Amino acid sequence: MKKTLRLLLTIFVVAVAVLLVALKYYDYIANPWTRDGQVRANVIQVTPRVSGPITDLPITDNQVVKAGDLLFRIDQRTYKVALAQAKAQYDQTVDQLDSLDKQVEAAEAQVKQAEASVDQAQAQLRSAQAAIVQSKNQLERYERLVKDGNLSVASYDAQKKNYDVDRANLDRSTAALSQTESALAQAQAQRATAIAKRGAKGDENAQLRSAKANLESARLNLEFTEQRAPVDGFVTNLNLRLGSQANAGAAAMALVDKNSFWVDAYFRESVVGRLKPGDAAFVTLMSYPDTAIEGAVDSIAWGISQQDGATSQQLLPAVAPSFEWIRLAQRIPVKISIKELPAHVELRVGTTASVMVRVGSGAAPASGDGASTSAKPPPVPKALQ
């Protein structure tokens, strides 16, 4: 009897253990998982914007840097000289504009003076015209009186001389007006030339804006000689040396963004349809096989590269042979964001990861019935990793 009881108890314990193992194994089978995962991050290609030899290199390979830290410095002497030249050119432009302002003021004064001369000449012409009219009328009256014998010829001759003088004054006044109008036109042309040379006033002046732009460009180029870290990150594969030539537009070093890590998991297309953004994901790194990292499905790729049908060298479609009884599922990239990284885990770009996703957990409530789906599972068994 006791032997039978012990046997039954043993069978029960073994059955419970097998059931627990089966349930846990089912957990990994029922929820999509893949061993084809890879740690990714934004790798910034640090590219200088100016050229020159490197004179300062305070960093070392694989060093951790913070945003704003100096990565390297390019020889500044050439750019300091360029900045000094730009400053001198700016000062010279300011002086030239001051001189041009004075020329414009002088031209304005000449125009006003010429306008006053024109007004005076016009007044003299009007006076001469009035005088010639009066003198002519008087001469015509004297002419009738002389014919009637009521006036001496001498008086008539005197009036005739007065008329000739008034007519000469009218001619001189007309010529003077024409001369002053010509002087006014010349003064106005000189003013327009001076204004054109000076351009607009103040900050809108093209010469001043050009000088300011050149000065700012020289200042920026000097600032660009100091290449600083744009983000917190890790220096990797550093090949720069003191004296190396840095070329503008050519990547000089790589910087891994410390805060941009994610995992690309490649799931079979047969299970991708069950995955939704927000579903809980659990990542196990090959370098940390005993630690499960919590994450979530961030997004699912909309396509992968076409393998069959690409044009060959003979401009014919390249189609690989297939076997009708074997259909290989394509792998679709699924981006997994990492929620919280354990303190002892260090992520490295390109390392291998296994990923399991709990289907439907993204829409599950945070408590109550959803608590079981959000519970953190153990690491993926090494047999599955």
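Up top is the structure these notes are about.
Throughout what follows, the structure given in this document is the object of discussion. All figures in this text were calculated on a predicted structure; none of them were measured in a lab.

### Regarding the overall build of the chain
Phase 1: The helix and strand tally for the chain stands at 6 helices and 16 strands.
Phase 2: Whereas a compact globule of 385 residues would reach a radius of gyration of roughly 21 Å, the chain reaches 48 Å, over 25% beyond that.
Phase 3: When contacts within the chain are restricted to residue pairs at least 6 apart in sequence, those whose partners lie at least 24 apart make up 80%.
Phase 4: Surface exposure of the chain reaches about 24,500 Å², of which carbon and sulfur atoms provide 54%.
Phase 5: If the 44 positive side-chain charges of the chain are averaged to one point and the 40 negative ones to another, these points end up 7 Å apart.

### Some thoughts on the environment of Thr-47
Phase 1: Relative to the elements of secondary structure, Thr-47 occurs in the loop between β2 (43–46) and β3 (52–56).
Phase 2: Residues Thr-47 and Ala-206, 159 residues apart in the sequence, show an inter-C-alpha distance of 33 Å.
Phase 3: Each residue touching Thr-47, except ones within four places of it in the same chain, is listed here: Gln-227, Gly-249, Ala-250 and Ala-251.

### Considering the pairing of strand β11 (residues 280–285)
Phase 1: Among the 6 residues in β11, 6 count as buried, and that is most of the element.
Phase 2: Of the two faces of β11, both are covered, the one formed by Ala-280, Phe-282 and Thr-284 as well as the one formed by Ala-281, Val-283 and Leu-285.
Phase 3: As paired strands, β11 and strand β12 (residues 288–300) are joined by 6 bridges and run antiparallel to one another. Bridged to Leu-285 within β12 is Tyr-288.
Phase 4: With antiparallel pairing between neighbouring strands as the criterion, β11 and β12 make up a hairpin whose turn holds 2 residues.
Phase 5: Bridging between β11 and strand β16 (residues 352–357) involves 5 bridges; their strand directions are antiparallel. Bridge assignment links Phe-282 to a residue of β16, and that residue is Met-356.

### Quick word on the nonpolar core
Phase 1: Membership of the largest hydrophobic core comes to 23 residues, with the highest contact counts inside it found for Val-263, Phe-267, Val-283, Leu-285, Ile-336, Val-355 and Val-357.
Phase 2: Those elements that place two or more of their residues in this core are β10 (262–268), α5 (269–272), β11, β12, β15 (331–340) and β16.
Phase 3: Apart from residues no more than four positions distant in its own chain, Val-283 is found in contact with Val-263, Thr-291, Ala-292, Ile-293, Ile-336, Ala-353, Ser-354 and Val-355.
Phase 4: If you look at the next biggest cluster of nonpolar residues, it comprises 22 residues, including Val-50, Val-65, Ile-74 and Leu-255.

### Things to note about the sheet that holds strand β6 (residues 226–228)
Phase 1: In space, the 4 strands of this open sheet follow the order β6-β5-β3-β8, with antiparallel pairing throughout. Pairing within the sheet leaves two strands with one partner each, and these edge strands are β6 and β8 (245–246).

### Notes on unusual backbone geometry
Phase 1: Phi at Asn-62 takes a positive value of approximately 65°, unusual for a residue other than glycine.
Phase 2: Relative to the assigned elements, Asn-62 resides in the loop between β3 and β4 (64–65).
Phase 3: The class for Asn-62 is exposed, based on a relative accessible area of 56%.
Phase 4: Backbone geometry places Asn-237, a non-glycine residue, at a positive phi of 55°.
Phase 5: Inspection of the secondary structure puts Asn-237 in the loop between β7 (233–236) and β8.

### A word on the sheet that holds β12
Phase 1: The sheet built from 6 strands closes into a barrel, its strands ordered β1-β10-β15-β12-β11-β16 with antiparallel pairing. Along the sheet, successive strands turn relative to each other by an average axial angle of 40°, direction set aside.

### Quick look at the pairing of β7
Phase 1: In this structure, β4 lies alongside β7, joined through 2 bridges in antiparallel fashion. Note that in β7 the partner of Val-65 across the bridge is Gly-233.
Phase 2: With 4 bridges joining them, β7 and strand β9 (residues 253–257) adopt antiparallel strand pairing. Within the sheet, the bridge partner assigned to Gly-233 lies in β9 and is Asp-257.

### Quick notes on the pattern of salt bridges
Phase 1: Scanning the model with the defined rule gives 14 salt bridges in all.
Phase 2: For Lys-147, the salt bridge is made with Glu-143, and the minimal N-O distance between the two is 4.0 Å. Here Glu-143 and Lys-147 lie together in helix α2 (residues 77–148), a separation of 4 residues that amounts to about one turn.
Phase 3: Given the relative accessible area of 32%, Glu-143 is considered partly exposed.
Phase 4: Between Asp-164 and Lys-160 there is a salt bridge, with its nearest N and O atoms 3.3 Å apart. Note that Asp-164 and Lys-160 are positioned in helix α3 (residues 153–198) at a spacing of 4 residues, about one turn of the helix.
Phase 5: A relative accessible area of 28% means that Asp-164 is categorised as partly exposed.

Rules used in this analysis
- Residues numbered from 1 in each chain as written.
- Predicted model: local features only at pLDDT ≥ 70, side-chain atom pairs only at ≥ 80, totals over all residues.
- Heavy atoms only, no water.
- Helix = DSSP H or I, 4+ residues; strand = E, 2+ residues; numbered from the N terminus.
- Rg over C-alpha atoms; globule rule 2.2 N^0.38 Å.
- Contact = heavy atoms within 4.5 Å.
- Areas by Shrake-Rupley, 256 points an atom, 1.4 Å probe, with all protein chains shown as cover.
- Lys, Arg positive; Asp, Glu negative; His and termini not counted.
- Charge placed at Lys NZ, Arg CZ, Asp CG, Glu CD.
- Buried < 20%, exposed > 50% of the residue type's maximum accessible area, 1.4 Å probe, protein only.
- Pairing = 2+ DSSP bridges.
- Core = buried A, V, L, I, M, F, W, Y, C linked by side-chain atoms within 4.5 Å.
- Axes fitted to C-alpha atoms, helices over the stretch in contact; angles between N-to-C directions.
- Salt bridge = Lys/Arg side-chain N within 4 Å of Asp/Glu carboxyl O.

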